[in-house]
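Survey of secondary and tertiary structure
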Amino acid sequence: MALDPARVVSQLRELQRLTGDENGAQRVAWTDTWNTARAWLAGLLDGVPLDVERDEAGNDWWTLRGASDRAVLIGGHIDSVPNGGWLDGSLNVVAGAEVLRRIAEQGTPPLTVRLVNWADEEGARFGRSLFGSSAAAGSMADQDELRELRDHDGISLPEALAANGVDLDRALEARRQLESAAAYLELHIEQGPVLESMGIPLGAVLGTYGVERWRITWTGQAAHAGSTPMDRRRDALAGAAKLALEIRDIAARVGNGAVCTSGSVVCRPGIVTSVVETAEQLLDQRHLDAASLAELLRQAQEASGRFAAEEDIEVAWERIWNIEPILFDETLIGFCDDACREVAGVSHRLPSGPLHDAAEVARAGVPTVMMFVQSLRGLSHTKLEDTKEEHLELCVAALDRLADKAIAWVAGR
Ligand SMILES: [Zn+2]
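What comes next is a walk through the structure. Note that the structure is predicted; figures quoted are calculated from it, not measured.

Turning our attention to the overall build of the protein. Counting its secondary structure elements, the protein contains twelve helices and 15 strands. Taking 22 Å as the expected radius of gyration for a compact globule of 413 residues, we find that the protein reaches 23 Å, a close match to that expectation. Viewed in the frame of its principal axes, the protein has a C-alpha envelope of about 85 × 45 × 40 Å. Expressed as a percentage of the 413 residues in the protein, the buried residues total 54%. Within the structure as shown, the protein displays about 16,900 Å² of accessible surface, and the carbon and sulfur contribution to it stands at 49%. Here the protein holds 40 positive side-chain charges and 64 negative ones, and the gap between their average locations is 2 Å.

Structure below.
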């Protein structure tokens, strides 16, 4: 049987009926609904001659043995956020299953081809994203912190893992899965507005943004709103407010896709009759280029010092988290661009603002590329997430072509 992109769309709708409700997808990792989704996914490949395996980190692998052990991997994640969309993650694995079935029906491929369903990409229950892929990539370095994580009901991550057959102490043994990996392909909805705004269905992803995430604490002096003259105030909020606007100019100056977000400012004492004494501000900065990311941060820190002096307040920076930009493989980006153009007549190269499992695989040294399909209204992580059916069918066909190109490339090396 030839590739059947329309079947992928109807399977995704079936998955949504099975594991979603009126508020959206409910496939949160390490829950019963997630296990229902995992079993359903396995059912799609029943009868196909594959080796099936669940690794030490809870990742599911379907392996089509080829003439060589070297492997082209196709990956995604079937877990969702609570009240999530029907396509985020699941599109990749369901389309990947269709492509794997098509390749299997054509006989033994020159290379091994594997589908992976990564465990807990979203980190929705415990706040730690990319669990399974970071274990396989060997970059899971925070196991002591992981041991302390608890969900809203007080259940610890190790307890939830154990209930799903995963021993946190052994999760890193999943590393052997990438030993034979020669290329990694991941299809995903864009989750942003770029392709839709350009009227282009599919695009090749250049890499994932590096991220700098900081907590900035501004400290002034609480003072009576009535008795304190304007020129005598030490208003912590003034510093946060100036910086919240300045980061727009910083992003514009650094350019090339730079984004800066001040996602929260919490003021204390937080009453209408007092000047703000402390303002705790959260800042997130992202760029695809490491030097530009460093420049975003440098300019923001420099500006904050200036604002603190102007307002006679203090400012302190504390890093919450950061990750370097991760660039995908030039050759595979070219193949992805070609595959998009062949099925859609047009393509576009774009960076990814969100992180993905593909970033972990690329970090582990495996040549990697992602393909994006247009998201309607740029929405994701909501039940409103959607993509036109015709575009979903195009992306399945394009992933299929990309897989063939990657197999031929690896086999020829
Ligand atoms: Zn995703």
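Next comes the rest of the write-up.
Let us now look at the coordination of the zinc ion. In an ideal octahedron of six donors the angles at the metal are 90 or 180 degrees, and in an ideal tetrahedron of four donors they are 109.5 degrees. Binding of the zinc ion to the protein goes through H77 (NE2), D88 (OD) and H188 (NE2), at separations of 2.0 to 2.2 Å. Along the chain, the residues that donate to the zinc ion are spaced as H-x10-D-x99-H. Here D88 is found in the loop between β5 (68–76) and α3 (90–105), whereas its partner H188 is found in strand β7 (residues 181–189), with 100 residues between them in sequence. Side by side, D88 and H188 carry an identical accessibility label, which is buried.

A cluster of nonpolar side chains, namely L282, I320 and W321, defines an oily patch on the protein surface of about 230 Å² accessible area. Within the secondary structure, I320 is located in strand β12 (residues 314–323).

With that out of the way, let us pick up helix α8 (residues 236–254). Here α8 contains 19 residues, and its C-alpha end-to-end distance of 27 Å stays within 8% of the 27 Å for a straight helix at 1.5 Å per residue. Within α8, the axis deviates most sharply at E246, by approximately 25°. Those residues of α8 that fall on the buried side of the exposure criterion are A236, A238, G239, A240, L243, E246, I247, I250, A251 and V254. Residue D235 occupies the N-cap position of α8, its side-chain oxygen lying 3.0 Å from the main-chain nitrogen of L237. Taken from the residues just after α8, G255 is the one with a positive phi, measuring 65°.

With the exception of glycine, most residues fall at negative phi, and the peptide bonds are largely trans. A cis amide bond links R268 to the next residue, P269, at an omega of 5°. If you check the backbone angles, Q191 has positive phi at about 65° while not being a glycine. Of note, Q191 is situated in the loop between β7 and α7 (194–198). Given the relative accessible area of 17%, Q191 is considered buried. The residue R377 is not glycine, and still its phi comes out positive at about 60°. With respect to the helices, strands and loops of the structure, R377 is situated in the loop between β15 (368–373) and α12 (389–411).

Quick notes on the rules
Residues numbered from 1 in each chain as written. Predicted model: local features only at pLDDT ≥ 70, side-chain atom pairs only at ≥ 80, totals over all residues. Heavy atoms only, no water. Helix = DSSP H or I, 4+ residues; strand = E, 2+ residues; numbered from the N terminus. Rg over C-alpha atoms; globule rule 2.2 N^0.38 Å. Buried < 20%, exposed > 50% of the residue type's maximum accessible area, 1.4 Å probe, protein only. Areas by Shrake-Rupley, 256 points an atom, 1.4 Å probe, with all protein chains shown as cover. Lys, Arg positive; Asp, Glu negative; His and termini not counted. Charge placed at Lys NZ, Arg CZ, Asp CG, Glu CD. Donors = N, O, S within 2.8 Å, 3.2 Å for Na, K, Ca; no water. Patch = residues over 30% accessible without salt bridge, like charges linked within 9 Å, V, L, I, M, F, W, Y side chains within 5 Å. Salt bridge = Lys/Arg side-chain N within 4 Å of Asp/Glu carboxyl O. Expected span 1.5 Å × (residues − 1). Bend = angle between axes of the 7 residues up to and from the residue. Polar contact = N/O pair within 3.5 Å; in protein donor to acceptor, adjacent residues only side chain to side chain.

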